Amino acid sequence: MDDFRGRLTKDGIRIHDPSDFAGMRKAGELAARILDDIAEMVVPGATTGVLDDRITAMIEEAGATSATIGYRGYAHASCISVNHVVCHGIPGPKVLKDGDILNIDVTVVVDGWYGDNSRMYVAGKLNRRAERLIQVTHDALFKGIEAVKPGNTFGDIGHAIQAYVEAQRMSVVRDFCGHGLGQVFHAPPNVLHYGRAGTGPVLEEGMFFTIEPMVNLGRPETKVLADDWTAVTRDKSLSAQFEHSIGVTATGAEIFTLSPAGKFHPTWAA
């Protein structure tokens, strides 16, 4: 499905019409609501497979479609990345232990529009080092979003994230990035979470994309396991990630995936 009415920039980035924002709001709200509702199930003793089963059911109950089931052979409605898993963790029999941190990433399709959202959770009691990593990653995402406005560049987004994270003596993963989306899952541009200010394509009103920094307590290097999906830190250090889908407005950014219940940060219960 693609009734795109906008235009493409010289970098191949779609500029959407103002009316397209409504579709992204609806898809983003569902993705965020699912991540709100799964929060109560993230407890010691739960398996990542059970969490994914519930997410699959919630998508079906909403009359939406999972963007990830069947994507390049992937069989699940979520990616669940625990502790030193950076991204693309495959749900299964893994049992959550007290103190585990995890990212849950969900993408839904609603009336042809894609809502992509991820956030951090903790099973049980959050330890201080993990709490600091999660806070820095959360704040880095919003540093990136603050750099979004027409006339700025994608390099400004990456620079804002990188400068903040490295000032906290942590590292930004280079091997994965954000992406354009809309009526497709992945589209130009690649949204890097590091870089030089003033470089890259210029932001324009009507661009839709994700910002999803991955931050490691240790070094930034990653490796992909034999399943061809699961990416882990090479030094086994903890990793965290937050993701929003956004649209560029005349004055800044609209976040399509805000948590309806205020549960975007994992310390919401406290």
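Because the structure is a prediction, the values reported are computed rather than measured. (Residues numbered from 1 in each chain as written. Predicted model: local features only at pLDDT ≥ 70, side-chain atom pairs only at ≥ 80, totals over all residues. Heavy atoms only, no water.)

With that settled, the discussion passes to the pattern of salt bridges. Under the counting rule described, the total for this entry stands at 11 salt bridges. Residues arginine 174 and glutamate 166 are paired through a salt bridge, measuring 3.6 Å at the closest nitrogen-oxygen approach. Under the relative-accessibility criterion, arginine 174 is labelled partly exposed at 32%. Its relative accessible area of 37% is what places glutamate 166 among the partly exposed residues. With a shortest N-O distance of 2.8 Å, glutamate 221 and arginine 219 are connected by a salt bridge. Residue arginine 219 is classed as exposed on the basis of its relative accessible area, which comes to 52%. (Salt bridge = Lys/Arg side-chain N within 4 Å of Asp/Glu carboxyl O. Buried < 20%, exposed > 50% of the residue type's maximum accessible area, 1.4 Å probe, protein only.)

Attention shifts here to the sheet that holds strand β14 (residues 231-233). One open sheet holds the three strands; their spatial order is β5-β14-β13, and the pairing between them is antiparallel. Two strands in the sheet have a free side with no partner beyond their single neighbour: β5 (85-87) and β13 (222-224). Across the sheet, the mean angle from the axis of one strand to that of its neighbour is 40°, orientation sign disregarded. Where β13 meets β14, three bridges bridge the pair, whose relative direction is antiparallel. By the bridge assignment for β14, valine 224 is matched with alanine 231. (Pairing = 2+ DSSP bridges. Helix = DSSP H or I, 4+ residues; strand = E, 2+ residues; numbered from the N terminus. Axes fitted to C-alpha atoms, helices over the stretch in contact; angles between N-to-C directions.)

End to end, helix α3 (residues 128-146) covers 27 Å across 19 residues, agreeing with the expected 27 Å (1.5 Å per residue, within 8%). Restricting attention to buried positions, one finds in α3 the residues Ala130, Leu133, Ile134, Val136, Thr137, His138, Ala140, Leu141, Gly144 and Ile145. (Expected span 1.5 Å × (residues − 1).)

Let us now look at the pairing of strand β7 (residues 113-122). Across the 10 residues that make up β7, a large majority, 10, are buried. Going residue by residue along β7, you find Trp113, Gly115, Asn117, Arg119 and Tyr121 tucked away on one face and Tyr114, Asp116, Ser118, Met120 and Val122 tucked away on the opposite face as well. In this structure, strand β6 (residues 101-110) lies alongside β7, joined through 10 bridges in antiparallel fashion. Considered in β7, the bridge of valine 108 is made with glycine 115.

Across the sheet, three strands lie side by side as β8-β12-β15; this open sheet has antiparallel pairing. Only two strands of the sheet have a single neighbouring strand rather than two, namely β8 (171-172) and β15 (239-241). This element, α3, spans β12 (214-216) and β15 of the sheet and lies at about 35° to β15. (Contact = heavy atoms within 4.5 Å.)

Attention shifts here to the nonpolar core. Note on soluble globular proteins: their nonpolar side chains tend to be buried together. Among the nonpolar cores identified, the biggest contains 36 residues, and Ile101, Ile157, Phe209 and Ile211 are the most heavily contacted of them. Put simply, the parts of the chain that give this core at least two residues each are β7, α3, α4 (154-167), β11 (208-211) and β16 (244-248). Broken down by element, the residue count for this core peaks at seven residues, all from α3. Beyond its immediate chain neighbours, meaning those up to four positions away, phenylalanine 209 contacts Val148, Phe154, Ile157, His179, Gly180, Leu181, Val191, Leu203, His244, Ser245, Ile246 and Val248. By size, the runner-up hydrophobic cluster in this structure holds 35 residues, among which are Met24, Ala39, Ile55 and Ile80. (Core = buried A, V, L, I, M, F, W, Y, C linked by side-chain atoms within 4.5 Å.)

A few words on the packing of aromatic side chains. For the structure on display, the rule yields 10 aromatic pairs. With centroids separated by 5.0 Å and ring planes inclined at 85°, the aromatic side chains of phenylalanine 21 and phenylalanine 208 adopt a geometry described as edge-to-face. Of the two residues, phenylalanine 21 is situated in helix α1 (residues 20-38) and phenylalanine 208 in strand β11; the sequence distance between them amounts to 187 residues. As far as burial versus exposure is concerned, phenylalanine 21 and phenylalanine 208 are alike and both buried. Relative to phenylalanine 185, the ring of tyrosine 114 has its centre 5.7 Å away and its plane inclined at 20°; by these criteria the two rings are stacked. Residue tyrosine 114 is located in strand β7, and its partner phenylalanine 185 is located in the loop between β9 (178-180) and β10 (187-191); the two are separated by 71 residues in the primary sequence. Both residues of the pair, tyrosine 114 and phenylalanine 185, belong to the buried class. Taken together, the ring pairs in this structure connect Phe21, Trp113, Phe208 and Phe256 into an aromatic cluster. Arginine 174 extends its terminal NZ or CZ atom over the ring of tyrosine 194, reaching a point 5.0 Å from the ring centre. (Phe/Tyr/Trp six-rings, centres within 6.5 Å; stacked < 30°, edge-to-face > 60°. Lys NZ or Arg CZ within 6 Å of the ring centre and 35° of its normal.)

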